[in-house]
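A structural walkthrough
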Amino acid sequence: MKQILIINGPNLNLLGKREPTIYGNRSFVEYLETLEAKFPDVQLRYFQSNHEGELIDKIHELGFDIDGIVINAGAYTHTSIAIADALSAVTAPAIEVHISNVHARESFRHHSYLSAKCKGIVVGLGLMGYEMAVRYLMDNE
Ligand code: DQA
């Protein structure tokens with residue numbers, strides 16, 4: 001069975017409560033149940049942290065053994081060369097996801113250190129972006 005790691009970075013533990021006009025009303029834990037039901041043939045591993053080093057540790061821990069990584073690094077997307085290096089270091093292909101359309105928001109959200117290390121990017125399609133990323137990894141990796 002394929003294994004895919006979904007990683008959420010800082011403040012994404014507050015999905016459902018945090019700025020719902022931008023990020024929606026659903027918690028990620030609730031959404032994850034829907035996702036698991038849609039992909040019975042994949043083992044989804046989920047990790048969320050507000051700490052950069054913990055995100056890197058998880059990429060190192062699983063990134064050589066799993067079939068793919070779906071990563072929404074939150075604000076670290078725009079600042080973290082270290083997370084970009086971790087994605088380069090491991091063998092699992094990664095897809096970058098953003099719930100909101102970062103290109104329609106403040107200019108500091110327009111640049112991502114992670115994009116160049118990822119196979120693809122899903123931006124601005126809400127939580128459905130995670131489903132699209134998992135589907136790609138299921139069908140192509
Ligand atoms: C986000 C966009 C980032 O700019 C922001 O810092 C987040 C969430 C998104 O999913 O839209 O925390 O990654």
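Reading the values: rules and limits
Residues numbered from 1 in each chain as written. Predicted model: local features only at pLDDT ≥ 70, side-chain atom pairs only at ≥ 80, totals over all residues. Heavy atoms only, no water. Core = buried A, V, L, I, M, F, W, Y, C linked by side-chain atoms within 4.5 Å. Buried < 20%, exposed > 50% of the residue type's maximum accessible area, 1.4 Å probe, protein only. Helix = DSSP H or I, 4+ residues; strand = E, 2+ residues; numbered from the N terminus. Contact = heavy atoms within 4.5 Å. UniProt positions renumbered as here; feature names shortened; annotations may be inferred. Near = heavy atom within 4 Å. Polar contact = N/O pair within 3.5 Å; in protein donor to acceptor, adjacent residues only side chain to side chain. Areas by Shrake-Rupley, 256 points an atom, 1.4 Å probe, with all protein chains shown as cover. Axes fitted to C-alpha atoms, helices over the stretch in contact; angles between N-to-C directions. Parallel < 35°, antiparallel > 145°, perpendicular 65-115°, else oblique. Nonpolar A, V, L, I, M, F, W, Y, C, P; charged D, E, K, R; others polar. Salt bridge = Lys/Arg side-chain N within 4 Å of Asp/Glu carboxyl O.

This part covers the nonpolar core. Within the largest apolar cluster, 23 residues are counted, with the highest numbers of intra-cluster contacts made by I4, I6, F28, L35, V70, Y130 and V134. For this core, the elements supplying multiple residues, two or more each, are β1 (2-8), α2 (28-38), β2 (42-48), β4 (94-98) and α5 (128-140). Counting residues per element, this core draws most heavily on α5, at 5 residues. Contacts of F28, omitting those with residues within four sequence positions, involve I6, N8, L15, Y46, L127 and Y130. The next biggest cluster of nonpolar side chains, apart from the first, holds 21 residues, and it includes F47, I83, A84 and A86.

We now examine the UniProt feature "active site" (unreviewed entry) in the protein chain. Under the feature "active site" (unreviewed entry), the UniProt entry names Y23 and H98. In terms of the greatest pairwise C-alpha distance, the residues named above, spread along 76 residues, form a tight cluster of at most 9.7 Å across. If sequence neighbours within four positions are ignored, Y23 has contacts with L15, R18, I99, S100 and R105. With respect to the helices and strands, H98 occurs in strand β4.

Glancing now at the site of the ligand. Taken together, R18, Y23, N72, G74, A75, H78, H98, I99, S100, V102 and R109 form the complete shell of residues around the ligand. The side chain of R18 places a nitrogen or oxygen atom 3.0 Å from an oxygen atom of the ligand. Contact with the protein chains covers 99% of the free accessible surface of the ligand, which is 320 Å².

The next thing to look at is unusual backbone geometry. Working note: non-glycine residues mostly have negative phi, and peptide bonds are mostly trans. Although it is not a glycine, N11 sits at a positive phi angle of roughly 75°. If you trace the backbone, N11 turns up in the loop between β1 and α1 (20-23). Assessed through its relative accessible area of 37%, N11 is described here as partly exposed. Phi angles above zero are rare outside glycine, and E19 is one such case at about 30°.

Between helix α3 (residues 52-62) and helix α4 (residues 81-89), the least distance of the axes is 9 Å, while the angle of their chain directions is 5°. Considered as vectors, α3 and α4 are oriented roughly parallel to each other. On the side of α3, the interface is formed by E52, L55, I56, I59 and H60, while α4 contributes A82, I83, A86 and L87. Its residues assigned to classes, the contact of α3 with α4 comprises 7 nonpolar, 1 polar and 1 charged.

Moving on, we get to the pattern of salt bridges. Here the idea is simple: oppositely charged side chains can pair when their charged atoms come close. The final tally for this structure, using the stated rule, is 6 salt bridges. Between K58 and E61 there is a salt bridge; the shortest N-O distance is 3.1 Å. With K58 and E61 both in helix α3 and 3 residues apart, this pair spans about one turn of that helix. Owing to a relative accessible area of 16%, K58 belongs among the buried residues under this scheme. Note on E61: relative accessible area 46%, which makes it partly exposed. Residue R105 pairs with E106 through a salt bridge whose shortest N-O separation is 3.9 Å. One connected set of salt bridges, linked through shared partners, spans R105, E106 and R109.

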